[in-house]
Amino acid sequence: MSRQLLSGHKVEQASEEVVKNMKILSFIHGVVRILPEGWLYPGTAPTFIDRISNMKFRSDDVMVMTFPKCGTTWMQEIVWTMLHNPNLDNPKEDETIFLRSPDLSYDMIFDSKSLGGSPIKPIAERFKEIHPGKEMDNGVMADILEALGVLASLCPPAVSYIGQYIMSRQLLSGHKVEQASEEVVKNMKILSFIHGVVRILPEGWLYPGTAPTFIDRISNMKFRSDDVMVMTFPKCGTTWMQEIVWTMLHNPNLDNPKEDETIFLRSPDLSYDMIFDSKSLGGSPIKPIAERFKEIHPGKEMDNGVMADILEALGGPRVIKNHFPFPLLPRDILDTIKVVYVARNPKDMTTSFWNFYSSTNVHEFRGDIDSFARLIMNDGMIYCPYWPHVMAAWEKRHHPNLHFVFYEDLISDIMHELRKINEFLGAGLSEEKLEAIKRHISFSSMKSRVGTLPGNPFKKEQDKTVFFRKGIVGDWKNNFSPELQEEMDQWIKKNLTDTDLNLSWALAE
């Protein structure tokens, strides 16, 4: 299938006829064509172009760039000698040019079946010297280059960044990405995505096929010290917590005119770009988000995602929504920003998730709650698995920049939780203001303020209940059969064995 590059280029699998007509030994991961120019490369090339895009080049770097067999090695030797061996006495001149002047476009050639997917010996040995014990799956040339000066490249300058491609690849986080099987996609019973579905290993998270592009972009984002991120697994009180945090930080007097603006713009969702790949949306953002992007970047294409740009344009403190789990975010993110993580009884989460996916024409889940719940339990629905997401946050709960809260505690004693959030954020709000905010962020109050989104993806144009549905605890009891109740209780017990997370209150009475 074709993929959209962040540069605006597309990557397509080369046809069998094209590959056959080359009359050369094949590549393990096939061959891709990059459009509109039509460059042909081994199938692993997008991974390495991806990495090159994120490299930090130095001001004294010199790149030798050619189409192959146009005097590349000769020019490398000329430049290297001028810069590193002007007296012709540098002992490194006897070292292979592959190491003195690394070729950033060389990693893809190692995908040749004749090489078995491995670098040639001198390059492999140098990589092992630099990174003892590290796997070479993510390429080696950039690592070898890191300690050097002059570099060579055969990559056309117009190709700047390729976010993902159709076979397996590796994220900047070290995770591996694989195409989800046809059976997994079919079993979801939701409207499909233009670029399919991928599974991110080892945890096994399922996301639309464009997700790797945006996850890698997040890895390279410059977060600010006053940023606050609201992180959840879907349908665990995300929008409610966004409103709480945004109100405390930007509307403590309840007189900010921006409160009438959609939460999508006041608190951008970094995990939202991938959802626009739904066939029902045609690969385009919903109207208010598209319009804001065009205000920020007139004339710029939206193929590379929009949420990070919308977020970048916001003044601080920024309130960021995110459904991606901690392992897919920068490892040091808690050293820079504050994160509020909301967890919820997985049975109520499942009930809300099923209602949401069944009620929007973005997803249109075609099945009953029993089948949906079993997809959740078997890690077969978008955003799953659930437990690694929760546990990754739970294990960090003692970090001073993480506030872990249960949805049920917000329902049970909202003032108590508002005080804790107030303290965590350093908002310094008085008890009187917290009481006013309590009324402002009640479900009835929020529902009354939610207007219909222009071009919204909901089935009913006037539906105001999709994001604010009931706001209660225990709604699963109105939807679960006794058999499903027992299955989910066993699933909860199994996944909490040998952990210190206690959800006994979530089990059936």
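Residues numbered from 1 in each chain as written. Predicted model: local features only at pLDDT ≥ 70, side-chain atom pairs only at ≥ 80, totals over all residues. Heavy atoms only, no water.

**Student:** Would you mind showing me how to read the packing of helix α14 (residues 369-377) against helix α20 (residues 482-496) here?
**Tutor:** The description of two packed helices rests on the angle between their axes and on the distance between the axes. Their axes nearest at 11 Å, the elements α14 and α20 cross at an angle of 10°. Looking at the two axes, α14 sits roughly parallel to α20. Residues I369, D370, A373, R374, I376 and M377 of α14 touch α20, and the partners they reach there are L484, E487, M488 and W491. Residues belonging to the contact of α14 with α20 are distributed by class as follows: 7 nonpolar, no polar and 3 charged. (Axes fitted to C-alpha atoms, helices over the stretch in contact; angles between N-to-C directions. Helix = DSSP H or I, 4+ residues; strand = E, 2+ residues; numbered from the N terminus. Parallel < 35°, antiparallel > 145°, perpendicular 65-115°, else oblique. Contact = heavy atoms within 4.5 Å. Nonpolar A, V, L, I, M, F, W, Y, C, P; charged D, E, K, R; others polar.)

**Student:** So what exactly am I meant to see when it comes to the nonpolar core here?
**Tutor:** Buried together is how nonpolar side chains tend to be arranged in soluble globular proteins. Residues Y207, M229, I289, F326, Y357 and M381 are the most contacted members of the largest nonpolar core, which totals 85 residues. It is helix α15 (residues 386-394) that contributes the most residues to this core, 7 residues altogether. Other than its neighbours up to four places away in sequence, F326 contacts M231, I333, L334, V339, A392, A393, K396 and L402. In terms of nonpolar packing, the next biggest core, distinct from the first, is built from 26 residues, V228, V340, I421 and I437 among them. (Core = buried A, V, L, I, M, F, W, Y, C linked by side-chain atoms within 4.5 Å. Buried < 20%, exposed > 50% of the residue type's maximum accessible area, 1.4 Å probe, protein only.)

**Student:** Quick question: what am I supposed to make of unusual backbone geometry here?
**Tutor:** Excluding glycine, residues mostly have negative phi values, and the peptide bonds linking residues are mostly trans. With omega at 15°, the peptide bond leading from L35 into P36 counts as cis. In this model, L201 is joined to P202 through a cis peptide bond whose omega is 15°. Despite not being glycine, L88 has its phi angle at roughly 55°, a positive value. Counting through the fold element by element, L88 comes out in the loop between α3 (72-84) and α4 (97-100). The phi angle at K189 is positive, at roughly 60°, despite the residue not being glycine. The topology assignment puts K189 in the loop between α7 (182-188) and β9 (197-201). Here K189 falls in the partly exposed class, since its relative accessible area comes to 35%.

**Student:** Help me understand the pairing of strand β4 (residues 39-42), please; the structure alone is not making it clear to me.
**Tutor:** The side chains of a regular strand alternate, residue by residue, between the two faces of the sheet. Taken together, the 4 bridges between strand β3 (residues 31-35) and β4 define a ladder with antiparallel strand orientation. The residue of β4 that forms the bridge with I34 is W39. Counting the residues that bridge the hairpin from β3 to β4 gives 3 residues, and of these G38 lies at a positive phi of roughly 90°. (Pairing = 2+ DSSP bridges.)

**Student:** Explanation requested: the confidence of the model for the chain in the structure shown.
**Tutor:** For any part of a model where pLDDT is low, the fine detail of the predicted coordinates should not be relied upon. Summing up the model confidence of the chain, the mean pLDDT is 85 and the portion of residues at 70 or higher is 88%. Scored below 50 in pLDDT, residues 451-456 makes 11 contacts in the model with residues more than four places away or belonging to other chains. Here residues 458-468 scores under 50 on pLDDT; set against residues more than four positions off or in separate chains, the count is 27 contacts. (pLDDT = per-residue confidence, 0-100.)

**Student:** Would you take a moment to explain the sheet that holds strand β13 (residues 338-343) for this structure?
**Tutor:** For sheets, the rule is that strands pair by backbone hydrogen bonds, running either parallel or antiparallel. Ordered by their spatial adjacency, 4 strands build an open sheet running β12-β11-β13-β14, and the pairing between neighbours is parallel. What marks the edges here is a single partner per strand, and that holds for β12 (319-322) and β14 (402-406). Put simply, the sheet's adjacent strands are angled 20° from each other on average, direction ignored. In this sheet, β14 lies alongside β13 in parallel orientation, the contact comprising 5 bridges. When the sheet's bridge partners are listed, A343 is paired in β14 with F406. Here α15 sits on the sheet and contacts β11 (228-232), β13 and β14; the angle it forms with β14, its principal contact strand, is near 130°.

**Student:** In this structure, what is going on with the pattern of salt bridges? I would like to understand it.
**Tutor:** Side-chain pairing between opposite charges can occur once the charged atoms of the two side chains come close. Under the defined criterion, the tally for this structure stands at 17 salt bridges. In this structure, the salt-bridge partner of K321 is D269, at a minimum N-O distance of 3.6 Å. Placement of K321 in strand β12 and of D269 in the loop between α10 (263-266) and α11 (287-296) is noted, with a sequence separation of 52 residues between them. Each member of the pair, K321 as well as D269, carries the same accessibility label: buried. Residues R292 and E295 are paired through a salt bridge, measuring 3.3 Å at the closest nitrogen-oxygen approach. Of this pair, R292 and E295 both sit in helix α11, 3 residues apart, which is roughly one turn of that helix. (Salt bridge = Lys/Arg side-chain N within 4 Å of Asp/Glu carboxyl O.)

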